[in-house]
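# A look at the structure
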Amino acid sequence: MTDDSKSTYPLDMPEPNDPPQPVAASPLPVSETPQPAMVEPRRNFLSKSLAVVIGGIVTLVPFAAGLAVFTDPLRTRKKGSGNGDDDGFIKVATFDELPVGDPPQRFQVIDDRVDAWNMFPKEPVGTVYLSRSTEDEVLALCVTCPHVGCPVDYDTARHVFQCPCHNSSFKPTGEIDNQDSPAARGMDALEIKIKNKNEVWVKYQEFRPGTAEKIAEA
């Protein structure tokens with residue numbers, strides 16, 4: 001005869017009404033022999049260093065080439081360009097265009113205009129008045145009034161240069177003609193050279209207006 005009041009669960013299993021029991025953590029296996037620390041082989045270090053150097057060279061070469069192209073106009077500009085000679089004189093006219101004793105004539109100064117990255121060949125860069133008083137004497141004057149920089153005209157009837165802005169007038173030689181002129185100095189004369197016996201070369205410059213002293217602009 002059997003006793004029904006006793007539990008039929010196995011002895012190693014909890015009863016249904018028993019609280020849950022914590023599960024004991026199983027200990028990790030412990031290595032019996034100590035493992036040596038990982039040391040990076042020297043060969044790997046050298047390989048990585050060499051890769052960094054090669055990568056730097058590969059990056060710098062195209063960068064240097066691009067920089068050279070980018071700054072080439074600046075370097076070219078320093079070497080000089082244009083129609084002028086080594087001293088900066090530019091051919092403007094010939095004696096055939098300047099009869100002795102004729103009124104001053106306007107001539108454009110043609111040169112290669114250069115900025116930092118562009119060159120515009122054979123463009124007008126300024127204007128001058130030329131007059132020839134004798135066979136060998138040529139006078140070159142800037143066309144801008146030294147007062148504020150307005151372009152002056154030549155009045156053939158009065159034989160004077162006339163500024164339309166503030167009524168200054170100048171003699172054919174460039175000196176101030178009217179005593180009430182607001183200009184602090186006469187018209188600016190330019191250096192000239194005679195080449196090949198009949199070519200008139202002018203060193204074209206612009207000067208600061210409004211001053212008694214003749215100061216070349218940079």
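Residues numbered from 1 in each chain as written. Predicted model: local features only at pLDDT ≥ 70, side-chain atom pairs only at ≥ 80, totals over all residues. Heavy atoms only, no water.

Labelled according to an unreviewed UniProt entry, the protein chain appears under the name Arsenite oxidase subunit AioB, originating from Symmachiella macrocystis.

On to the sheet that holds strand E9 (residues 199–202). The strand order across the open sheet formed by three strands is E1-E9-E8, and the pairing between neighbours is antiparallel. Every interior strand has two partners, whereas the edge strands, strand E1 (90–94) and strand E8 (192–195), have only one. For this sheet, the mean angle separating the axes of adjacent strands, direction not counted, is 35°. (Pairing = 2+ DSSP bridges. Helix = DSSP H or I, 4+ residues; strand = E, 2+ residues; numbered from the N terminus. Axes fitted to C-alpha atoms, helices over the stretch in contact; angles between N-to-C directions.)

Along the chain, Ala-140 falls in strand E4 (residues 138–142). Taking the relative accessible area as the measure of exposure, Ala-140 reaches 0% and is therefore buried. With 60 residues separating them along the chain, Ala-140 and Val-200 place their C-alpha atoms 9.6 Å apart. Excluding its chain neighbours within four sequence positions, the residues that come into contact with Ala-140 are Tyr-129, Leu-130, Asp-188, Ala-189, Leu-190, Ile-192 and Val-202. (Buried < 20%, exposed > 50% of the residue type's maximum accessible area, 1.4 Å probe, protein only. Contact = heavy atoms within 4.5 Å.)

Under the defined criterion, the tally for this structure stands at eight salt bridges. In this structure, the salt-bridge partner of Lys-193 is Asp-85, at a minimum N-O distance of 3.5 Å. One end of the pair, Lys-193, is in strand E8; the other, Asp-85, is in the loop between helix H2 (72–79) and E1, with 108 residues separating them in the sequence. Between Arg-185 and Asp-188 there is a salt bridge; the shortest N-O distance is 2.8 Å. Residue Asp-188 is classed as buried on the basis of its relative accessible area, which comes to 3%. Where salt bridges share partners, they join Asp-85, Asp-87, Lys-193 and Lys-195 into one cluster. (Salt bridge = Lys/Arg side-chain N within 4 Å of Asp/Glu carboxyl O.)

Core analysis: the largest hydrophobic core is formed by 17 residues, its most contacted members being Val-92, Phe-107, Val-128, Leu-130, Leu-190, Val-200 and Val-202. Look past the residues within four positions of Phe-107 in its chain and what remains in contact with it is Val-92, Ala-93, Glu-97, Leu-98, Gly-126, Thr-127, Val-128 and Leu-130. Grouped together as the second largest cluster of nonpolar side chains are twelve residues, Val-143, Cys-150, Val-152 and Phe-170 included. (Core = buried A, V, L, I, M, F, W, Y, C linked by side-chain atoms within 4.5 Å.)

Below, the discussion takes up unusual backbone geometry. Phi is positive for His-159, close to 60°, though the residue is something other than glycine. Mapped onto the fold, His-159 is located in the loop between strand E5 (153–155) and strand E6 (160–162). We note that Asn-167 has phi near 65°; this positive angle belongs to a residue other than glycine. Its location among the elements puts Asn-167 in the loop between E6 and strand E7 (169–170).

The sheet built from three strands is open, its strands ordered E5-E6-E7 with antiparallel pairing. For this open sheet the edge positions go to E5 and E7, each flanked by a neighbour on one side alone. The pairing of E6 with E7 spans two bridges and is classified as antiparallel. Across the sheet, residue Gln-162 finds its bridge partner in E7, namely Ser-169.

Nonpolar side chains collect at one region of the surface, where Leu-50, Ile-54 and Val-58 lie side by side and expose about 290 Å² of accessible area between them. Take Leu-50: it is sitting in helix H1 (residues 42–70). (Patch = residues over 30% accessible without salt bridge, like charges linked within 9 Å, V, L, I, M, F, W, Y side chains within 5 Å. Areas by Shrake-Rupley, 256 points an atom, 1.4 Å probe, with all protein chains shown as cover.)

Here we come to the packing of aromatic side chains. Summed over all chains, the structure comprises two aromatic pairs. Between Tyr-154 and Phe-161 the ring centres are 4.9 Å apart and the planes differ by 70°, which places this aromatic pair in the edge-to-face class. Both residues of the pair, Tyr-154 and Phe-161, belong to the buried class. Among the aromatic residues, those joined into a ring-pair cluster are Tyr-129, Tyr-154 and Phe-161. Lying over the aromatic face of Trp-201, Lys-195 brings its terminal NZ or CZ to 4.0 Å of the ring centre. (Phe/Tyr/Trp six-rings, centres within 6.5 Å; stacked < 30°, edge-to-face > 60°. Lys NZ or Arg CZ within 6 Å of the ring centre and 35° of its normal.)

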